[in-house]
Amino acid sequence: MKIYEGLKGKEEILRGWISLRTGMEFPIEWIPETGLEVVDDGKTLCYLVVYFEKTCPVAYIGWIVSNPENTLKESAEGIAFGIGAVAGYAKRLGARHLLTTTGNERINGIYTRRGFIGGDERVQHKYLYIGG
């Protein structure tokens, strides 16, 4: 497997995959240029969207989305590989702290095995559009 850094030019693919998974029309403006692509034998297995805070050395793994054409094994292996690489990527771009939130039990297990510690277990994702 290989890791490619950056998401520029991948926005439409990501938008489509996330929209398919969430059941909502995913806003393309939520996709930064920062993140990782995991590729195996020329096939993109997954993307990890990484946001970087501008005022402190914090990065946030916002979305992990796998290729809808993957087998369950391909998704699990690709996600684990990406999570294994994301800390080094964030550190190279200036972060000293890496945060994430997920309700997916399997992904939570991967995070735990990669050294992430748990936070508040009552957390829910909420969204409010505040633009014009």
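Note: the structure precedes this text.
Residues numbered from 1 in each chain as written. Predicted model: local features only at pLDDT ≥ 70, side-chain atom pairs only at ≥ 80, totals over all residues. Heavy atoms only, no water.

When helices and strands are tallied, the protein shows three helices and five strands. Beginning at the N terminus, the succession of helices and strands in the protein can be written as β-α-β-β-β-α-β-α. Against the 2.2 N^0.38 benchmark of 14 Å for 132 residues, the protein shows a C-alpha radius of gyration of 14 Å, consistent with a compact globule. Expressed as lengths along the three principal axes of its C-alpha atoms, the size of the protein is roughly 40 × 35 × 30 Å. Counting only residues that meet the buried cut, the protein has 33% of its 132 residues in that class. Pairs at least 24 apart in sequence give 64% of the contacts found in the protein among residues at least 6 apart. About 8,700 Å² of surface is accessible on the protein, with carbon and sulfur atoms providing 53% of the total. Computing the positive centroid from 16 side-chain charges and the negative centroid from 16, the protein places the two 5 Å apart. (Helix = DSSP H or I, 4+ residues; strand = E, 2+ residues; numbered from the N terminus. Rg over C-alpha atoms; globule rule 2.2 N^0.38 Å. Buried < 20%, exposed > 50% of the residue type's maximum accessible area, 1.4 Å probe, protein only. Contact = heavy atoms within 4.5 Å. Areas by Shrake-Rupley, 256 points an atom, 1.4 Å probe, with all protein chains shown as cover. Lys, Arg positive; Asp, Glu negative; His and termini not counted. Charge placed at Lys NZ, Arg CZ, Asp CG, Glu CD.)

Take the sheet that holds strand E2 (residues 35–40) next. Pairing within the open sheet is mixed, and its five strands lie in the order E1-E2-E3-E4-E5. Among the strands making up the open sheet, the edge pair consists of strand E1 (2–5) and strand E5 (97–100). Within this sheet the neighbouring strands show an average axis-to-axis angle of 30°, counted without direction. Pairing geometry for strand E3 (residues 43–52) and strand E4 (residues 58–66), over seven bridges, is antiparallel. Each bridged residue has a counterpart across the sheet, and for Leu48 the counterpart in E4 is Ile64. Running at roughly 75° to E4, helix H1 (residues 11–22) makes contact with E3 and E4 of the sheet. (Pairing = 2+ DSSP bridges. Axes fitted to C-alpha atoms, helices over the stretch in contact; angles between N-to-C directions.)

Judged by nonpolar contacts, the single largest core of 20 residues is most densely connected at Leu48, Ile64, Ile79, Ile83 and Val86. Only E2, E3, E4, helix H2 (72–92) and helix H3 (105–113) provide two or more residues apiece to this core. Residue contributions to this core peak at six residues, all from H2. Beyond its immediate chain neighbours, meaning those up to four positions away, Leu48 contacts Leu7, Gly35, Leu36, Val38, Trp63, Ile64, Gly82, Ile83 and Val86. (Core = buried A, V, L, I, M, F, W, Y, C linked by side-chain atoms within 4.5 Å.)

A separate point is unusual backbone geometry. The phi torsion at Asp41 lies on the positive side, around 50°, for a residue other than glycine. Summarising the element assignment, Asp41 is placed in the loop between E2 and E3.

The next thing to look at is H2. The end-to-end C-alpha separation of H2 is 31 Å, in line with the 30 Å expected for 21 residues at 1.5 Å each. Most pronounced at Ala85, the bend in H2 amounts to some 30°. Those residues of H2 not exposed but buried are Ser75, Gly78, Ile79, Ala80, Gly82, Ile83, Val86, Tyr89 and Ala90. Tucked inside the fold, the buried residues of H2 contact E1, E2, E3, E4, E5 and H3. Among the residues trailing H2, Gly94 stands out with phi positive, at a value near 105°. (Expected span 1.5 Å × (residues − 1). Bend = angle between axes of the 7 residues up to and from the residue.)

For the rest of this paragraph, the subject is the pattern of salt bridges. Once their charged atoms are close, side chains differing in charge can pair, the charge on each being opposite to the other. Counted according to the given criterion, the structure contains six salt bridges. Two residues, Glu74 and Lys43, come together in a salt bridge whose shortest N-O distance is 2.9 Å. With Glu74 in helix H2 and Lys43 in strand E3, this pair connects stretches of sequence that are 31 residues apart. Of the residues examined, Lys43 reaches a relative accessible area of 23% and is grouped as partly exposed. Two residues, Lys73 and Glu77, come together in a salt bridge whose shortest N-O distance is 3.8 Å. (Salt bridge = Lys/Arg side-chain N within 4 Å of Asp/Glu carboxyl O.)

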